[in-house]
Amino acid sequence: MPKKNVVIRSRLRKAEELMRQNRLAEAAALYQKLCETRGAGADLWVRLAVLKRRLGDFVGAEAAARKAIGFAPRMPAAHHTLGSALHMQRRLDEAIACYRKALDLQPDLEEAHYFLANALREMGELGPAADAYGELLRLNPDHFAGLNNLGALLTNLERSEEAIGLLSHALELREDSVETLTNLARAHIHIGSYGAAVDLLQRAAGIRPDFIDTLLELAWAYRLDGRFEASMELFDKVLDLAPGNERALIGKAKIHELLGDSEKAYLLLKPLLADEPAFNALSIYFDISRRVGKRDSAVDAIRRFLDSGKGNMAATAPLYFRLGKHFDEVGMYDQAMEYFHKANSLCNRSCDIGDAVALLESIQQVYDAGSIGRMVHADVRSDVPVFIVGMPRSGTSLVEQILSSHPEVHGAGETENIERAVRSLANSSGRKHYPVFVPDLTAASLRRVADQVLGKMLELSPSASRITDKMPQNFMYVGLILQMFPDCHIVHCRRHPLDTCLSCYFSEFASHYHNYAYDLEAVGRYYGIYNRIMEHWQSIFGDRIFDVDYEELVEDQERVSRALVDYCGLEWSDSCLTFHESERVVNTISYDQVRQPLYKRSSGRWRNYEKHLDALRNALGEAGVVI
C-alpha cells in the first residue's frame, strides 16, 4: 500500500477518534488538511462541512459543501449539507431548494425530509411543513423529533386530536422528554382537556423541577382547570426563580381579575405598562380597565400598538376583539363591527360544517323513535347530575350561576367528563365514532363510564344534592347522557338566533370546538344544525329536557328561576335571585356578566348590527331557523 494512503487512513482514524471524544475543533482542523490533499473526494468535504456547521462556522460549512458538490454534483448528502449550512444562516429559500434537490436525488433521505419540514415551518409555510413531516414519518414512523415537531405544528393548525396521537407515540419512545410532555399538554389544553394537561405537566415538572417554561405551562393549565390557588403558587415560584417574569405577572393578574380584584391585577400589570406597554399585557389591561378607571388609556395603548405594526399580525386578534367590545359598549356599532371582522379574519380558523351535518344525520338514524325503547341504560339511579346544554353565549353560564347559588347545588362549570366518556366508549368499541357505536353498547359499558363521570362530579362536592356540568356542546350527546343517567336533569338554554350567533362572532374562544364562530355564514349554518339536533331530542324525550329561554329569564327572572329549580327537584331558595353576589368563580367567557345583576341590554342586541347581518340571516333561513 502506498505510504500516502497509509498516512491518509491514519489521519482519518485520528479524526474519527477526535469526533468521538467531542474534540470537534481538532477534528475539523485534521479534516481540513485531509481535504487539501490531492485526490480528496466529496465525502471528505461533506464531513468537513458537517463539522464546521456543528462548530458554528456556517459560512465555512457552506464553502465546504459547495466544494463537495463541485466534486460530486449528484451526491444527495452534499446538497443536504449545503442546505443545512444555508439554513443556519437564515437563508431559508436557498436551504429549501437544496433539501429538495437532495430528495430528488434520494427520496428516502430521512434527514433531508426533517430539515426541509423545519425550514418550511420557520418560513411560516405550515401546511407544506406538515406534509414534509408526514413524508418523513412514512419513511420512519418512529422518528422522535419528527413526531414531536409535527405534533406541535398540528396543534397550531387546529388539528389537536391528530397531534395527541403523534405526541403520545413520541412519548412512548422517550417517556422522560419534557418537550414532548409539554407539547402533548398544549394539545390537550387546545381541546379543553385541562385535567389531562395538568397530569402531563406535573410529570414534566417532576423531571425538571426548576424549568421555568414547564412551570409556566402548568400554572396556566391549573388556571384553566379552575385550580387558582395551585396556579398562583406556581406563578410565585416562577417569580422567585425569575423576578419580573412577564408571563407570571400576567398570569397572576388574570387570576386576580377572575376573582374580582381588578385593583390587585392592575398593580401587577403596572410595570409592564410603563413607557412601551408589553403586548401580552394589553388584553388583560383592557379587561380590567373600566373597573380601575383606565378604559381610555387601555384603548389608546392598544391602538398605538396596532398602529406601530409590531408583533405577529395573527397574534393581534385578541386586541381587535377588545376594540370591537369597546366600540360596541359606547354605541359606535359600525366601527365595532369593523374591528370584529378584523379580529375574526386574523384568527384564520376553518370549520367543516359537513362534519356537523353528518353527525346530525347519524343521530337521527341511531336515535329514532322506534329504537329508543330498545336501548340499554346504565343502572345508575342518581339524580345528582344536571347537564346544562345549548349554543355558546345562550345563557348557560347564567343558568349555572343561578342554580349554583342554591345551597344544595355545586356548579362544576365546563367539564370534559362527557367528552371523555364518549372517547372511552369509542375506543372500547373498536374505534367506531359517536353515535355509530351506540347500538352496540351494553349496560355494563354504560355503567362503567357513568360511574367514572359521577365519581368525578362527586369529588368536587360529595354532599351536594345536585352538581351541574355546563359544557354547551354536550347538546350533541343528550341521548347518550340519558342512557348513562336515566334520572339526571337536562337543561337546554335558548336565545334569539341572531343574538346567539352574533355573540359567538364577537367572542374570542379558546377551544377548537367553536371554529364555526369566526365566520357569520358558518355560525348561522352551525346554529341550524344545533337547532335540528335539539328539535330531534325534544321530539323523542319531550319534557325530560327543560328549556330556559334567555329572553324570558331576563324579563321575568323569579318565575323562570323558580320553574328551573323546581325541575331540578329542589326547594326554592331566595339566594337564586342574588346569584351575582355569589363568591363562586366562573372560568368562562361570561365570568364578568354573572357578577352583575340580571340586565336586559344583551336582548335584541342584533338590531344594532342589522345592516351587517345579511349572510347570517341567509344561512339561518336556509337552515330552516325561524327568526
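Everything here concerns the structure above.
Presented here is a report on the structure given in the accompanying data block. Just so you know, these numbers come straight off a predicted model, no measurement behind them.

Taken as a whole and judged by the stated rule, the model has zero disulfides. Looking at Cys 493, it has no disulfide partner, and the nearest cysteine sulfur is the one in Cys 568, 11 Å off.

A word on the pattern of salt bridges. All chains considered together, the criterion is met by 36 salt bridges. Between Lys 611 and Asp 334 there is a salt bridge; the shortest N-O distance is 2.9 Å. Pair noted here: Lys 611 is in the loop between helix 30 (557-567) and helix 31 (614-622) and Asp 334 is in helix 20 (residues 333-347), with a separation of 277 residues, a long-range link. Its relative accessible area of 60% is what places Lys 611 among the exposed residues. Its relative accessible area of 37% is what places Asp 334 among the partly exposed residues. Each of Glu 62, Arg 66, Arg 91 and Glu 94 takes part in one network of salt bridges that share partners.

Turning our eyes to something else, we now look at the packing of aromatic side chains. Overall, the coordinates contain 21 aromatic pairs when judged by the stated rule. When the ring of Tyr 114 is compared with that of Tyr 133, the centres are 6.4 Å apart and the planes differ by 55 degrees; the resulting orientation is tilted. Of this pair, Tyr 114 sits in helix 7 (residues 110-122) while Tyr 133 is found in helix 8 (residues 126-139), placing the two residues 19 residues apart along the sequence. Judged by relative accessible area, which is 0%, Tyr 133 ranks as buried. By the ring-pair criterion, three or more aromatic residues cluster together here, those being Tyr 333, Phe 340, Tyr 505, Phe 506 and Tyr 609. Stacked on the ring of Tyr 550, the Lys or Arg Arg 495 has its end atom at 4.9 Å from the ring centre.

All right, on to helix 7 then. If you check helix 7, its first and last C-alpha atoms are 19 Å apart, about what 13 residues at 1.5 Å a residue would give, namely 18 Å. Of the residues making up helix 7, those classed as buried are Ala 112, His 113, Tyr 114, Phe 115, Leu 116, Ala 117, Asn 118, Ala 119 and Leu 120. Structurally, helix 7 contributes buried residues whose contacts are with helix 3 (42-54), helix 5 (76-88), helix 6 (92-105), helix 8 and helix 9 (144-156). Backbone geometry just downstream of helix 7 places Gly 124 in the positive-phi region, at approximately 85 degrees.

Our focus in this paragraph is empty space enclosed by the protein. Across all of its chains, the model carries one cavity of 30 Å³ or more by this definition. Of the voids in this model, the largest cavity is the one considered here, and its volume is about 30 Å³. Surrounding the largest cavity, Thr 415, Glu 416, Asn 417, Ile 418, Glu 419, Met 471, Gln 473, Asn 474 and Tyr 513 form its lining. Of the residues in the lining of the largest cavity, the class split is three nonpolar, four polar and two charged.

What follows deals with the pairing of strand 1 (residues 385-390). If a strand is regular, its side chains alternate between the two faces of the sheet. Most of strand 1 is tucked away, with six of its six residues classed as buried. Burial along strand 1 is two-sided: Pro 385, Phe 387 and Val 389 facing one way and Val 386, Ile 388 and Gly 390 facing the other are all buried. Across three bridges, strand 1 lies against strand 3 (residues 466-469) in parallel orientation. Bridge pairing in strand 3 places Pro 385 opposite Ile 467. Across five bridges, the pairing between strand 1 and strand 4 (residues 489-494) is parallel. Within strand 4, the position partnered with Val 386 by the bridge is His 489.

Attention shifts here to the sheet that holds strand 2 (residues 409-411). Ordered in space as 2-3-1-4-5, the five strands form an open sheet in which the pairing is parallel. Each edge of the open sheet carries a strand with a single partner, namely strand 2 and strand 5 (545-549). On average, adjacent strands in this sheet sit at an angle of 25 degrees to one another, irrespective of strand direction. This element, helix 28 (residues 520-541), spans strand 1, strand 4 and strand 5 of the sheet and lies at about 140 degrees to strand 4.

Our focus in this paragraph is the side chain of Thr 316. Among the structural elements, Thr 316 can be located in the loop between helix 18 (295-308) and helix 19 (317-329). Given the relative accessible area of 2%, Thr 316 is considered buried. Apart from the residues within four sequence positions on either side, Thr 316 is in contact with Phe 279, Phe 305, Leu 306 and Leu 346.

Rules used throughout
Residues numbered from 1 in each chain as written. Predicted model: local features only at pLDDT ≥ 70, side-chain atom pairs only at ≥ 80, totals over all residues. Heavy atoms only, no water. Disulfide = S-S within 2.5 Å. Salt bridge = Lys/Arg side-chain N within 4 Å of Asp/Glu carboxyl O. Helix = DSSP H or I, 4+ residues; strand = E, 2+ residues; numbered from the N terminus. Buried < 20%, exposed > 50% of the residue type's maximum accessible area, 1.4 Å probe, protein only. Phe/Tyr/Trp six-rings, centres within 6.5 Å; stacked < 30°, edge-to-face > 60°. Lys NZ or Arg CZ within 6 Å of the ring centre and 35° of its normal. Expected span 1.5 Å × (residues − 1). Contact = heavy atoms within 4.5 Å. 1 Å grid on protein atoms, 1.4 Å probe; cavity = no way out; pocket = protein on both sides within 12 Å on 5 of 7 lines; lining within 4 Å. Points joined across faces, edges and corners; volume = space filled by probe spheres on them. Nonpolar A, V, L, I, M, F, W, Y, C, P; charged D, E, K, R; others polar. Pairing = 2+ DSSP bridges. Axes fitted to C-alpha atoms, helices over the stretch in contact; angles between N-to-C directions.

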